[in-house]
Each structure stands twice: as structure tokens, then as C-alpha cells.
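Letter by letter, the chains look like this.
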Amino acid sequence: MSGHSKWNNIKRKKEKTDGQKAKIFTKMGREIAVAVKEGGSGDPASNSKLKDAIAKAKANNVPNDNIERIIKKAMGEGNADNYEAIQYEGYGPSGIAVIVETLTDNRNRTAGDLRHYFDKYGGNLGMTGCVGFLFQKKGVLVIEAEGLDEEKVMEDALEAGASDFSTDGDVFEITTDPADFSGVRDDLEAKGYAFVSAEVEQVPDVYNQIEDPEAVKKMEKLLEMLDDNDDVQNVWHNWDRPDDEEEE
């Protein structure tokens with residue numbers, strides 16, 4: 001794998017400050033609350049969306065107590081939070097394709113914030129669909145490779161219904177059709193595997209590099225601003241970021 005190594009991306013996410021971790025917990029909590037409301041149930045056994053959100057939260061080290069508290073609050077009659085999912089698409093510096101998934105209770109505020117970030121850092125927010133065709137939705141499960149036998153993990157993953165398996169030496173990356181994601185994850189969990197990342201992702205068909213050092217700095221800043229925005233849940237892009245930029 002090159003600069004977009006999954007392990008580098010994960011390490012970068014996990015090496016967050018306490019303040020950044022609190023933001024991640026808030027984002028995961030919002031996703032769980034929306035899943036409870038949309039699925040009409042606080043029981044993950046009967047609410048597959050909630051089950052997926054809980055698995056993602058656990059992979060992001062959200063404590064079980066926090067998860068239970070969020071579910072109880074979302075089930076409460078007095079809870080007036082009303083978030084909607086909106087996807088934004090645009091181009092960063094050097095034409096890098098960017099998809100931003102949000103959960104917001106004020107779409108005007110969110111759209112204004114995102115437009116400001118893109119404009120300020122050399123990109124532009126586009127129309128829906130302007131870059132979406134460059135990505136495919138895939139279930140992505142990542143398992144730390146240390147202490148595990150590659151052949152055994154691959155065999156278990158394919159038997160569970162995975163569509164592809166790869167490794168960069170540090171981690172095993174298992175991909176699935178989005179419809180098969182929950183079943184594959186549950187099967188592998190039952191076999192004792194733990195995930196450092198587990199979610200349905202927007203995976204680019206092709207990764208692109210940025211040659212201009214100034215454009216690299218602007219792209220880094222754009223991603224930082226998007227990550228820090230409370231309304232933003234996920235940011236997907238096709239930038240093949242060099243390893244030395246990943247390992248800040």
C-alpha cells in the first residue's frame with residue numbers, strides 16, 4: 001500500500017488529544033441517537049442501524065456506559081434533538097475529491113460553515129453528485145495483524161461473506177458489500193476478532209497526489225477544519241497522503 005495506508009489513517013485518528021476525543025464521542029453519540037430514532041428501538045438486536053452505530057462507537061473507544069446513556073436519552077419522550085443526514089460534495093486543493101457526511105439540526109449553518117472552509121483553503125463546495133461517482137460504498141473491517149495468522153484470518157473472512165481481503169503487514173483489511181457488512185462483522189466477532197475500525201466507508205476508485213507543498217498545507221487545514229466541526233460525521237477524500245504527512 002502507498003500513502004493511503006489504512007493503518008496510517010487509523011493511527012492518525014487514534015493519536016488525538018483529549019479534547020479531540022471528546023469531539024469524537026459527541027459525534028458517535030449523535031450517530032447512535034439518530035439510529036435509535038430512525039430504527040424506532042433502543043435494542044440493537046432489532047435495530048440494525050443502531051447495532052452498526054454501536055460497533056463503530058466501540059471501535060472509537062467510546063465506553064459502554066456512554067453508549068447506554070445516549071440510548072436511554074434518545075428513547076426519552078422529552079428529547080427534542082432532531083438531526084437530519086445531509087451529504088455535501090466538493091473539491092479540495094489540486095482537485096482532490098471530498099465527500100462530507102453530516103448530521104445537523106440547522107442545514108443553513110452547516111452549509112455556510114462548509115462553504116467557508118472550502119473557499120478559504122483553495123477548494124470549492126459543489127453540487128450533489130459532483131464527486132460521488134468517484135467513490136464506492138463498501139463495508140470495511142480492519143484487524144490488527146500482530147499475533148494472527150494471515151491465512152486463517154483470510155479464510156475466516158471469506159467464509160463469513162467478505163468480498164475482498166488485503167494486508168499491509170500491520171493490519172488486515174476486509175471489505176464487504178454494504179448489505180453484507182453487519183453479517184460479516186458479527187460472524188468475525190463471534191470468532192473472537194476485535195476491530196480497530198469497522199464501518200461502511202466511501203472508498204475512492206482512484207487516489208490522487210498533491211505536488212504543490214502549499215496546496216498540501218491547505219488540504220491538511222481543510223481536513224482539520226472539517227474534522228473539528230460538530231455537525232460533520234465523516235470526511236472521505238481521494239488524496240493519497242504521503243506517510244510522513246500521516247504521521248504528524
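Residues numbered from 1 in each chain as written. Predicted model: local features only at pLDDT ≥ 70, side-chain atom pairs only at ≥ 80, totals over all residues. Heavy atoms only, no water.

Undergrad: Any chance you could explain the sheet that holds strand 8 (residues 232–237) here in plain terms?
TA: Strands in a sheet are paired, the pairing made by backbone hydrogen bonds, and the direction either parallel or antiparallel. The antiparallel open sheet is built from four strands, whose spatial order is 3-1-2-8. One side of each edge strand has no neighbouring strand; the edge strands of this open sheet are strand 3 (124–125) and strand 8. Looking at chain direction, strand 2 (residues 97–104) and strand 8 are connected through five bridges and run antiparallel. Within the sheet, the bridge partner assigned to T102 lies in strand 8 and is V232. (Pairing = 2+ DSSP bridges. Helix = DSSP H or I, 4+ residues; strand = E, 2+ residues; numbered from the N terminus.)

Undergrad: Which parts of the structure should I look at to understand helix 8 (residues 213–228)?
TA: Owing to its 3.6 residues per turn, the α-helix brings residues three or four apart onto one side. When the terminal C-alpha atoms of helix 8 are compared, their 23 Å separation across 16 residues agrees well with the 22 Å that a helix rising 1.5 Å per residue should span. Inspection of helix 8 places A215, V216, M219, E220, L222, L223 and L226 among the buried residues, and these make up the whole buried set. Projection of helix 8 onto a plane perpendicular to its axis shows the buried side chains occupying an angular sector of 160°, all on one side. Relative to its buried face, helix 8 has exposed residues pointing more than 90 degrees away, namely P213 and K217. (Expected span 1.5 Å × (residues − 1). Buried < 20%, exposed > 50% of the residue type's maximum accessible area, 1.4 Å probe, protein only. Arc of directions from axis to C-beta.)

Undergrad: What is the right way to read the packing of helix 3 (residues 48–59) against helix 7 (residues 181–190) from this model?
TA: What describes two packed helices is the angle between their axes and the distance between those same axes. As a packed pair, helix 3 and helix 7 sit with axes 11 Å apart at the nearest point and diverge in direction by 55°. It follows from the interaxial angle that helix 3 and helix 7 lie oblique. The crossing of helix 3 and helix 7 is left-handed. Note on element contacts: helix 7 touches helix 3 through F181, S182, R185 and D186, opposite K51, D52 and A55. By residue class, the composition of the contact of helix 3 with helix 7 is two nonpolar, one polar and four charged. (Axes fitted to C-alpha atoms, helices over the stretch in contact; angles between N-to-C directions. Parallel < 35°, antiparallel > 145°, perpendicular 65-115°, else oblique. Left-handed = near helix turned anticlockwise from the far one by under 90°. Contact = heavy atoms within 4.5 Å. Nonpolar A, V, L, I, M, F, W, Y, C, P; charged D, E, K, R; others polar.)

Undergrad: Is there a simple way to think about the side chain of N47 in this case?
TA: Mapped onto the elements, N47 comes out in the loop between helix 2 (18–39) and helix 3. In this structure the side chain of N47 is engaged in a polar contact, spanning 2.9 Å, whose partner is the backbone oxygen of S41. A distance of 3.3 Å separates a polar side-chain atom of N47 from the backbone nitrogen of K49. In contact with N47, other than residues within four places in its own chain, are A35, V36, G39, G40 and S41. (Polar contact = N/O pair within 3.5 Å; in protein donor to acceptor, adjacent residues only side chain to side chain.)

Undergrad: Is there a simple way to think about the nonpolar core in this case?
TA: By size, the foremost hydrophobic cluster in this structure holds 21 residues, and its most contacted members are V98, V100, L114, M219 and L226. At the level of elements, strand 1 (84–91), strand 2, helix 5 (107–120), helix 8 and strand 8 are the ones that each hand at least two residues to this core. Broken down by element, the residue count for this core peaks at six residues, all from helix 8. Once you skip the residues sitting within four places of it in the chain, V100 turns out to touch I86, Q87, Y88, L114, F118, L226, V232 and N234. Of all hydrophobic cores here, the second largest spans 16 residues; its members include A157, I174, V184 and Y193. (Core = buried A, V, L, I, M, F, W, Y, C linked by side-chain atoms within 4.5 Å.)

Undergrad: Mind showing me how you'd approach the pattern of salt bridges here?
TA: A side chain with one charge may pair with a side chain of the opposite charge, provided their charged atoms come close. Counted according to the given criterion, the structure contains 18 salt bridges. Here D105 ties to R109 by a salt bridge, and the two come within 2.9 Å at their closest N and O atoms. Since its relative accessible area comes to 34%, R109 is described here as partly exposed. Note that D187 is salt-bridged to K191, the shortest N-O span being 3.9 Å. Under the relative-accessibility criterion, D187 is labelled partly exposed at 28%. Through salt bridges with shared partners, a single network forms among K152, D156, E159, D187 and K191. (Salt bridge = Lys/Arg side-chain N within 4 Å of Asp/Glu carboxyl O.)

Undergrad: I would appreciate a short explanation of the pairing of strand 6 (residues 171–176) in the present structure.
TA: Regular strands place side chains that alternate from one sheet face to the opposite one. Of all the six residues making up strand 6, six are buried; the element is thus mostly covered by neighbouring parts of the structure. As paired elements, strand 5 (residues 164–167) and strand 6 share four bridges and run antiparallel to each other. Within the sheet, the bridge partner assigned to F165 lies in strand 6 and is I174. Count of turn residues in the strand 5/strand 6 antiparallel hairpin: three residues, of which G169 carries a positive phi of about 100°.

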